[in-house]
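Observations on chain architecture
Each chain, letter by letter, is given below.
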Amino acid sequence: MVKVLIPSGALGLGYDPDALERGLDARPDIIAIDGGSTDSGPSYLGRGMSKYSRASTKAEWQGLIAARAKAGVPLVIGTAGTCGADSAVDWLVGITEEILDDLGQTATVAVLKSGQPHDRVTLALQAGLVTPLDPAPDISPALLQDCTNIVALAGAEQIAAALDTGADIVIAGRTTDTAIIAALPLMRGCHAGGAWNGAKIGECGALCATNPQSGVILVEFDDAGFTVTPLADDAHATPHTVSAHMLYENSDPFILFEPGGHLDVTQAEYQALDPTRVRVTGSDWVPSDRYTVKLEGARRVV
């Protein structure tokens, strides 16, 4: 079994400190949190900066670094600095170093960057290796050169490789929201369909519960599926709230594409274990013939 503690849907949204303490009492194997979003538009990627202030980011991140040290487990963040651009990763690394100094702690920090050089992407385009995703415009070398930042959404493999180094803290550039949660369960042989499905359900914290703003949840993965437990006093998971999250930021309620394959929850079963917890089994992971990643870019238009 692998227990993943998710403090909130994204660093910057805040989290319930009492619920976080309950999560630590449950002895998680890892703490994972998303650092970004495309909800606010392409400006942050274009400028390579965070949506949230340095002060608020530092305050929340310091709480999680302290929690990591208390639990003695890795802390992972993906899409650092809202957009996951290399400059945003460097920004959070600098904040991390400052926090560790403030707390008098030492930690091994692994840094993953997903920025893609313009010329590399241009060569891939010319070789027929870049395909526009509907409704993206036609892609040309000139358009690529106009982008101020291009990032590739990393999958679970990169996160797993960083964890395999023994890192205490992993700060990753642009990743899929699920990758940071699915990585450790996959590394430890948990059910692949359950790992990806649980990661999708847990990506936004308590958004899969009756009190979506309450933040902290625990997802327990095993060899058959996963169990979701919201940790705030007034938050409950139900089969409806959990299954409904497959539609969040996803056009198909049964299929979710990831680097290297797709998740199929057509046969998934959602069972209420009690008024708070939901157990999910029957999810399927279907590997693809070719490993692909999504590219995101932003350019100035005025």
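Coordinates for the structure precede this section.
Residues numbered from 1 in each chain as written. Predicted model: local features only at pLDDT ≥ 70, side-chain atom pairs only at ≥ 80, totals over all residues. Heavy atoms only, no water.

1. Observations concerning the overall build of the protein chain
Put simply, the rule is: Numbering goes from the N terminus for both helices and strands, where a helix is a DSSP run of H or I of at least four residues and a strand is a run of E of at least two. Atoms counted for the radius of gyration: C-alpha only. Globule rule: 2.2 Å times residue count to the power 0.38. Relative accessibility under 20% of the residue-type maximum defines a buried residue, over 50% an exposed one, and the middle range a partly exposed one, all with a 1.4 Å probe and only protein chains included. Every residue pair with non-hydrogen atoms within 4.5 Å of one another is taken to be in contact. Every accessible area reported is derived by Shrake-Rupley at a probe size of 1.4 Å, with residue values counting cover from the shown protein chains alone.
Across its full length, the protein chain holds 10 helices and 14 strands. Taken against the 2.2 N^0.38 rule, which gives 19 Å for 302 residues, the C-alpha radius of gyration of the protein chain at 19 Å falls within 12% of a compact globule. Along the first, second and third principal axes, the C-alpha set of the protein chain runs to 55 × 50 × 35 Å. Within the protein chain, the fraction of its 302 residues that count as buried is 51%. Taking all contacts inside the protein chain whose residues are at least 6 apart in sequence as the whole, residues at least 24 apart take part in 73%. Of the roughly 13,300 Å² of accessible surface on the protein chain, 52% is carried by carbon and sulfur atoms.

2. Quick word on a nonpolar patch on the surface
Rule in force here: Patch members must show over 30% relative accessible area and no salt bridge, and they are joined within 9 Å when carrying like charges or within 5 Å when they are nonpolar side chains of Val, Leu, Ile, Met, Phe, Trp or Tyr. What makes a salt bridge here is a side-chain nitrogen of Lys or Arg within 4 Å of a carboxyl oxygen of Asp or Glu, nothing more.
A cluster of nonpolar residues, Tyr-291, Val-293 and Leu-295, forms a patch on the protein surface that exposes about 240 Å² of accessible area. Checked against the element boundaries, Tyr-291 lands in the loop between strand E13 (284–287) and strand E14 (295–299). Given a relative accessible area of 40%, Tyr-291 falls into the partly exposed group.

3. Describing helix H3 (residues 54–71)
Selection rule: Multiplying one less than the number of residues by 1.5 Å gives the expected span of a helix.
Helix length check: H3, at 18 residues, gives a terminal C-alpha distance of 25 Å against a target of 26 Å (1.5 Å per residue), a fit within 8%. Along H3, the residues that are buried comprise Thr-57, Lys-58, Glu-60, Trp-61, Leu-64, Ile-65, Ala-67 and Arg-68. Each element contacted by the buried residues of H3 is listed here: helix H1 (17–25), strand E2 (30–36), strand E3 (75–82), helix H4 (86–103) and strand E6 (169–172). In the stretch just after H3, Gly-72 is the one whose phi turns positive, near 70°.

4. Observations regarding the pairing of strand E11 (residues 269–272)
The test is simple: Strand pairing is assigned whenever DSSP identifies at least 2 bridges connecting the two strands.
Here E11 pairs with strand E12 (residues 278–281) via four bridges, running antiparallel. Its bridge partner being in E12, Glu-269 is matched across the sheet by Thr-281. The antiparallel hairpin formed by E11 and E12 contains five residues in its connecting segment.

5. Notes on the pattern of salt bridges
Applying the stated criterion across every chain, the model contains 14 salt bridges. Linking Lys-113 and Asp-90 is a salt bridge whose minimum nitrogen-to-oxygen distance equals 2.7 Å. A residue pair is termed long-range when its members are at least 10 positions apart, and Lys-113 in the loop between strand E4 (109–112) and helix H5 (118–126) and Asp-90 in helix H4 qualify at 23 residues. Asp-146 is the salt-bridge partner of Arg-299, the closest N and O atoms lying 3.8 Å from each other. Note that Arg-299 is positioned in strand E14 and Asp-146 in helix H6 (residues 141–146), a separation of 153 residues in sequence. A residue is classified by how much of its surface remains accessible, and Arg-299, at 44% relative accessible area, is partly exposed. Each of Arg-54, Lys-58, Glu-98 and Asp-102 takes part in salt bridges that share partners, so that together they form one network.

6. Structural notes on unusual backbone geometry
Omega for the bond connecting Asp-134 with Pro-135 falls within 30 degrees of zero, at 5°, which places this linkage in the cis form. For Pro-135, the location among the structural elements is in the loop between H5 and H6. Even without glycine at this site, Arg-27 takes up a positive phi of about 60°. You can see Arg-27 is positioned in the loop between H1 and E2. Of note in the backbone geometry, Thr-82 takes a positive phi value of approximately 75° without being a glycine. Note on placement: Thr-82 falls in strand E3.

7. Observations regarding the environment of Ala-160
Along the chain, Ala-160 turns up in helix H7 (residues 156–164). With 61 residues separating them along the chain, Ala-160 and Ile-99 place their C-alpha atoms 25 Å apart. Ala-160 has contacts with Ala-183 and Met-187, leaving out every residue within four places of it along the chain.

8. Regarding the nonpolar core
Going by this rule: Take the buried residues of types Ala, Val, Leu, Ile, Met, Phe, Trp, Tyr and Cys, join any two whose side-chain atoms come within 4.5 Å, and each joined set is a nonpolar core.
Judged by nonpolar contacts, the single largest core of 71 residues is most densely connected at Trp-61 and Ile-171. Among residues more than four places away in sequence, those in contact with Ile-171 are Trp-61, Ile-77, Ala-80, Val-89, Leu-92, Val-93, Thr-96, Val-109, Ala-110, Val-111 and Leu-112. Core analysis: the next-biggest nonpolar cluster, separate from the first, contains eight residues, Ala-124, Leu-125, Val-130 and Ile-150 among them.

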